[in-house]
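Below, each chain spelled out in residue letters.
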Amino acid sequence: RRLRLVPVAVAVIERRGRYLISRRRASDHLGGYWEFPGGKRRVGEPWEACLKRELREELGITVEPTGRLSPIRFRYTDRQVYLEVFRCRITAGVPTPLGCQEVRWVRTARLRRYRFPPADRELIAMLSTQQLGCGVLARGKRRPRRPSAS
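A few points on the structure. Computed from a prediction, not measured in an experiment: that's the story for all the values here. Residue positions are given per chain, counting from 1 as you read along its sequence in written order. Two thresholds apply to this predicted model, a pLDDT of at least 70 for residue-level local features and 80 or more for giving and counting side-chain atom pairs, whereas whole-chain, interface and lining totals are computed over all residues. Only heavy atoms go into the side-chain values, all of them from the structure, while hydrogens and water stay out.

### A few points about the pattern of salt bridges
As a reminder, the rule being used: By definition here, a salt bridge exists when the distance from a side-chain nitrogen of Lys or Arg to a carboxyl oxygen of Asp or Glu is within 4 Å. The classification of residues rests on relative accessible area computed with a 1.4 Å probe and restricted to protein chains. Under 20% of the type maximum is buried, over 50% is exposed, and intermediate values are partly exposed.
Counted under the stated rule, the structure contains 9 salt bridges. The residue Asp78 makes a salt bridge to Arg79 at a minimum N-O spacing of 3.1 Å. Residue class for Arg79 comes out buried when judged on its relative accessible area of 13%. Salt bridges linked by common partners bring Arg42, Glu45, Arg53, Glu54 and Glu57 together as one network.

And the structure:
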């Protein structure tokens, strides 16, 4: 059986050696889990527009993407997620839990203490082993074609 593909834009925001994470609402899919902020991409929506919209809605912040990391694909029993991961910096606002339960700034070494969805484990491993530079493309470079949101 073919699983539904869910395209998700994800922000990796680092400040003074800590990463911004948010806790999903209990009523959401994987409720109570921690995650890197972001959300589902709408059909036809550009990736960066999705990222900015989701962080504005969920955390009340404005961000500027500064690079991309290697995308992550993960298969759950009921869906497949495709994570387009961006390094970002906050340009306006203070992270506030508007569309999530809670937010925290966490040191890399402590990320593994939090319960993250399985799809985020590859990203946490990358951050934990200081391989964040792997997969980052310079701004303006063409990327391989990614799956559409349809």
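### A few points about the pairing of strand 2 (residues 18-23)
Note the threshold: The criterion for strand pairing is that DSSP finds at least two bridges linking the strands in question. Each helix is a run of DSSP H or I of at least 4 residues and each strand a run of E of at least 2, with the numbering of both proceeding from the N terminus.
Note: strand 1 (residues 4-15) against strand 2, 2 bridges, orientation antiparallel. From the neighbouring strand, Arg15 faces strand 2, where its bridge partner is Arg18. What sits between the antiparallel neighbours strand 1 and strand 2 is a turn of 2 residues, in which Arg16 has the positive phi angle 50 degrees. As defined by bridge partners, strand 2 adjoins strand 8 (residues 102-107) across 6 bridges and the pair is classed as antiparallel. Bridge pairing in strand 8 places Arg18 opposite Arg107. As paired strands, strand 2 and strand 3 (residues 34-35) are joined by 2 bridges and run antiparallel to one another. Following the sheet pairing, Arg23 is matched in strand 3 by Trp34.

### Overview of the environment of Arg42
Its location among the elements puts Arg42 in the loop between strand 4 (38-40) and helix 1 (47-59). Once the C-alpha coordinates of Arg42 and Val8 are considered, the two residues, 34 residues apart in sequence, prove to be 9.1 Å apart.

### Remarks on the side chain of Gln80
Heads up, the rule is: By definition in these notes, contact holds between two residues if any of their heavy atoms fall within 4.5 Å.
Relative to the helices and strands, Gln80 is located in strand 7 (residues 79-92). Sequence-distant contacts of Gln80, defined by excluding residues within four places in its chain, comprise Leu3, Arg4, Leu5, Val6, Arg73, Phe74 and Arg75.

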